[in-house]
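Listed below, chain by chain, are the residues.
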Amino acid sequence: MPDLTSLKSSSSSSNIPGGSEGRPSGAERRTSPNLIQKMLASDPDFRGIGNATAAKLTEAFGEGLHAALASADQRIEKIIGIELAADLFVTYQSKLREMDVVAWLSELNVDTRVAMKIVRVWGAEGAAELRRNPYLLISFVPWKQVETIGRKLGIAHSDPRRL
């Protein structure tokens, strides 16, 4: 798993989705509290965080949930306890790149559960490959949706990646 230094230094458009289109990448990408809640509740790496705890955090912090988790806000400790919060902060930091990929795929209307499955299969590094060839998504989403994503990313109808 990459350390925080490598996460911060790998925000070029070739590594993280969004860069070449002028969209923010990495921690700058706007990650919705609902997306964060789904990831906290469903990713087994977030040990001890289930639906109820993730919902409490979302309710308490709303749009500020990402900032609270990324900055290890001590108010979280009051909600879930010191030990669980400490584990949550460490895991959250290690998952930022993966969460960015899920957010990027969600922006492309890929279902969050499917996006999380893609990240589990290909990892955060898979985003660069998907950016180069969105037709790799065919293993996970229907052709019509892949075509729509390809068009959004500027892939021409005659492009050989479509074949």
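Thresholds applied
- For every chain, the first residue of the written sequence is number 1, and numbering continues from 1 onward in sequence order.
- Reporting in this predicted model follows two pLDDT cut-offs: at least 70 for local features of residues, and 80 or more for side-chain atom pairs to be given and counted; totals over whole chains, interfaces and linings ignore these cut-offs and use all residues.
- Side-chain calculation: all heavy atoms of the structure are included, whereas hydrogens and water are not.
- By definition here, a salt bridge exists when the distance from a side-chain nitrogen of Lys or Arg to a carboxyl oxygen of Asp or Glu is within 4 Å.
- Numbering goes from the N terminus for both helices and strands, where a helix is a DSSP run of H or I of at least four residues and a strand is a run of E of at least two.
- Burial status follows relative accessibility: with a 1.4 Å probe on protein chains alone, a residue under 20% of its type maximum counts as buried, one over 50% as exposed, and anything between as partly exposed.
- Bend angle per residue: angle between axes fitted to the 7 residues ending at that residue and the 7 residues starting there.
- Only buried Ala, Val, Leu, Ile, Met, Phe, Trp, Tyr and Cys residues count toward a nonpolar core, and they belong to the same one when joined by side-chain atoms within 4.5 Å.
- Pairs of residues are marked as contacts when any of their non-hydrogen atoms sit within 4.5 Å.
- Scored between 0 and 100, pLDDT is the confidence that the predictor attaches to each residue.
- Under this scheme, a helix contributes an axis fitted over its contacting stretch, all axes are lines through C-alpha atoms, and angles between N-to-C directions fall in the 0 to 180 degree range.
- In these notes the angle categories are as follows: under 35 degrees is roughly parallel, over 145 is roughly antiparallel, 65 to 115 is roughly perpendicular, and the rest is oblique.
- The sense of a crossing depends on the near helix, which, turned anticlockwise from the far helix by less than a right angle, makes the crossing left-handed and, turned clockwise, makes it right-handed.
- Gly falls in the polar group here, along with every residue not listed as nonpolar (Ala, Val, Leu, Ile, Met, Phe, Trp, Tyr, Cys, Pro) or charged (Asp, Glu, Lys, Arg).
- Think of it this way: a Phe, Tyr or Trp ring, Trp meaning its six-membered ring, pairs with another when their centres are within 6.5 Å, and the plane angle makes it stacked under 30 degrees, edge-to-face over 60, tilted otherwise.

**Q** How would you explain the pattern of salt bridges if you had to name every residue and give the values?
**A** Across all of its chains, the model carries nine salt bridges by this definition. Here Lys95 makes a salt bridge to Glu98, at a shortest N to O gap of 3.1 Å. With Lys95 and Glu98 both in helix 6 (residues 82–107) and three residues apart, the pair spans about one turn of that helix. The class of Lys95 is buried, set by a relative accessible area of 4%. When the shortest N-O distance is used, the salt bridge between Arg162 and Glu147 registers 2.6 Å. Of this pair, Arg162 sits in the segment after helix 9 (143–152) while Glu147 is found in helix 9, placing the two residues 15 residues apart along the sequence. Like Glu147, Arg162 is buried. Here the residues in one salt-bridge network are Asp43, Asp45, Lys95 and Glu98, joined through shared partners.

**Q** I'd like a description of unusual backbone geometry, backed by residues and values.
**A** Phi is positive for Ala72, which is not a glycine, with a value near 55°. Looking at the secondary structure, you find Ala72 in the loop between helix 4 (65–70) and helix 5 (75–80).

**Q** Requested: an account of helix 6, with residues and values cited.
**A** In an α-helix, one full turn covers 3.6 residues, which means residues spaced three or four apart are oriented alike. Along its length, helix 6 reaches its greatest deviation from straightness, about 55°, at Leu96. Of the residues flanking the end of helix 6, it is Asn109, one or two places downstream, whose phi is positive at about 70°.

**Q** An account of the nonpolar core is requested, with residue identities and associated values reported.
**A** In terms of nonpolar packing, the biggest core is built from 41 residues, with Leu40, Leu57, Leu69, Ile76, Leu88, Leu105 and Leu137 touching the most fellow members. If sequence neighbours within four positions are ignored, Leu137 has contacts with Leu105, Ile118, Leu130, Val146 and Ile149.

**Q** Explain the confidence of the model for the chain to me, and be specific about the residues and the numbers.
**A** Of the residues in the chain, 82% have a pLDDT of 70 or more, and the chain-wide mean is 81. Here residues 1–28 scores under 50 on pLDDT; set against residues more than four positions off or in separate chains, the count is 45 contacts.

**Q** Account for the packing of helix 2 (residues 33–42) against helix 6, with residues named and values stated.
**A** Following both chains from N to C, one finds helix 2 and helix 6 inclined at 125°, their axes separated by 10 Å at the closest point. Relative to helix 6, the element helix 2 is oriented oblique. The two elements helix 2 and helix 6 meet at a crossing, and its hand is right-handed. Contacts from Leu35, Ile36, Met39 and Leu40 in helix 2 reach Leu88, Tyr92, Met99, Val102, Ala103 and Ser106 in helix 6. Tallied by class, the residues present in the contact of helix 2 with helix 6 amount to nine nonpolar, one polar and no charged.

**Q** So, the packing of aromatic side chains: which residues are in play, and what are the values?
**A** Under the defined criterion, the tally for this structure stands at two aromatic pairs. Ring centres of Trp122 and Phe140 lie 5.2 Å apart, and the angle between their planes is 80°; on these two criteria the pair is classed as edge-to-face. Of this pair, Trp122 sits in helix 7 (residues 112–122) while Phe140 sits in the loop between helix 8 (126–132) and helix 9; the two residues are 18 residues apart in sequence, bridging distant segments of the chain. Taken together, a centroid distance of 5.5 Å and an interplanar angle of 40° make the contact between Tyr135 and Trp143 tilted. By relative accessible area, Trp143 is classed as partly exposed at 38%.

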